[in-house]
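Fold and geometry: a report
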Amino acid sequence: MLVKRSITTSRRNEFIDITSLVREAIYESALVDGVAIVFCPHTTAAITINENADPGVTADILQKLSSLVPLRDGYSHAEGNSDAHVKSSLVGASETVIIEQGTLVLGVWQSIYFCEFDGPRSRNVYIQTLAA
Amino acid sequence: MLVKRSITTSRRNEFIDITSLVREAIYESALVDGVAIVFCPHTTAAITINENADPGVTADILQKLSSLVPLRDGYSHAEGNSDAHVKSSLVGASETVIIEQGTLVLGVWQSIYFCEFDGPRSRNVYIQTLAA
Amino acid sequence: MLVKRSITTSRRNEFIDITSLVREAIYESALVDGVAIVFCPHTTAAITINENADPGVTADILQKLSSLVPLRDGYSHAEGNSDAHVKSSLVGASETVIIEQGTLVLGVWQSIYFCEFDGPRSRNVYIQTLAA
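Residues numbered from 1 in each chain as written. Chains lettered and ligands numbered in written order. Predicted model: local features only at pLDDT ≥ 70, side-chain atom pairs only at ≥ 80, totals over all residues. Heavy atoms only, no water.

Points about the environment of I61(B)
The condition is simple: Secondary structure elements are defined from DSSP: runs of H or I of at least 4 residues count as helices, runs of E of at least 2 residues count as strands, and each element is numbered from the N terminus. Any two residues whose heavy atoms approach within 4.5 Å at even a single point are treated as in contact.
In this fold, I61(B) is placed in helix 2 (residues 55-68). Once the C-alpha coordinates of I61(B) and S89(B) are considered, the two residues, 28 residues apart in sequence, prove to be 15 Å apart. Excluding anything up to four places from it in sequence, I61(B) contacts H85(A), V86(A), S89(A), F15(B) and N50(B).

Following this line, the structure appears as structure tokens:
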């Protein structure tokens, strides 16, 4: 079952924990065993999985991405957001997660993040569930 | 249904828009709702999703990847294409995209790209469709 | 069918070829056509696909990742392993691979790697198979 949700970001670079949103989609789908594909339909954002305990971790990831791919770097794209496009391809447009007995299977420290690289904006997330 | 297609690249580093090829595979599969896995069976190439409007965007991504992972950088691999292998793991070997009512679901600016990092060559792309 | 396996890593940064482990899971699942999702439930490790012929390739990838994301770099996360978290999001938590006629479909040079970035440790890998 395909679930479409909207989220609002509040900074140019930001990780938003969407794990509960994915859990809700799995619950709505009534799927017992399978996977969920969490897809970002934007080219200046991404989906990743990383630690949810210390907010310093996601801050460090955002900081390191911005040092590797600076806002200004002699890009040719006139809109001025090439850094966000590069980050999107480095982090990736989707994550596939496992569902077991109706439950999202993640490691104890893992959360699913929507990665905003050109906000703040209104954004969408699509979640497709597939039975095993 | 598994669809295998060949493409030809024309430069060492190049993004080739394969969205229409993926749409054809979905059409052939007659799948209504599900996903398509777009897989690159090469270790010096990758698959990504990014902007299709301004060709400056993909040029900027290729340029930034080559500045982060230069052609010559004291690599140990004797073939001289370690940069391409690193880029392949950074960008990733596949993308999973959603199919709704027989139609590929992408954001308005998104295309699916075959990323050549060690061309020009003859390359393959595999597309597996799965029903939801 | 969901298969869970444990592996042991022996260095802080290390690629471990888990292709045979994935092949065993596919065999156990008795799946004919579909995909396998190879998922890493850890936030300081990842899954990638790259060359299996010359070990210099994976050594070069590890070396380049460590030069882009050094162990010490003014990170805020107090545990001292932010480099591993960044690498995890750059490489990605999973790979999706195709199964055709009961056989894992990979390119001739491709292997599936568990990427340890904060070892040595005992780690887990989850493999979910889905029919096409």
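Here's the deal with the nonpolar core
Operational definition: We call a set of buried residues a nonpolar core when its members are Ala, Val, Leu, Ile, Met, Phe, Trp, Tyr or Cys and they connect through side-chain atoms within 4.5 Å of each other. For every residue, the accessible area (1.4 Å probe, protein chains only) is compared with the maximum for its type, and the residue is labelled buried under 20%, exposed over 50%, or partly exposed between those bounds.
Ranked by size, the top nonpolar core spans 93 residues in total, and within it I18(A), I112(A), I18(B), I112(B), I18(C) and I112(C) carry the most contacts. Beyond its immediate chain neighbours, meaning those up to four positions away, I112(C) contacts I16(C), D17(C), I18(C), T19(C), V22(C), V38(C), I47(C), T48(C), I49(C), V97(C), L104(C) and L106(C). With 48 residues, the next largest nonpolar core counts V86(A), V57(B), L62(B) and L62(C) among its residues.

As for the sheet that holds strand 8 (residues 122-131) of chain C
Residues and elements named next belong to chain C. Quick reminder of the rule: In this description, strands pair whenever DSSP reports at least two bridges between them. Think of each axis as a best-fit line through the C-alpha atoms, taken over the contacting stretch in the case of a helix, with angles from 0 to 180 degrees between the N-to-C directions.
Sheet architecture is open: five strands sit in the order 1-8-3-5-6, paired in antiparallel fashion. Looking at the sheet topology across the chains shown, the edges are occupied by strand 1 (2-8) and strand 6 (103-105). With direction set aside, neighbouring strand axes in the sheet form an average angle of 30°.

A closer look at the pattern of salt bridges
Applied cut-off: For this analysis, a salt bridge means a side-chain nitrogen from Lys or Arg found within 4 Å of a carboxyl oxygen belonging to Asp or Glu.
Counted by the stated rule, this structure contains 21 salt bridges over all chains. The shortest N-O distance in the salt bridge between E28(A) and R5(A) comes to 2.6 Å. On the criterion of sequence distance, the pair formed by E28(A) in helix 1 (residues 19-29) and R5(A) in strand 1 (residues 2-8) is long-range, its members being 23 residues apart. Of the charged contacts, one joins D83(B) and R12(B) as a salt bridge, the two residues approaching to 2.8 Å between their closest N and O atoms. Linking D83(B) in helix 3 (residues 82-91) with R12(B) in the loop between strand 1 (2-8) and strand 2 (14-17), this pair joins segments that are 71 residues apart in sequence. Accessibility expressed as a relative area gives 1% for D83(B), which makes it buried. Among the charged side chains, a network of salt bridges with common partners joins R12(A), D83(A), D118(A) and R121(A).

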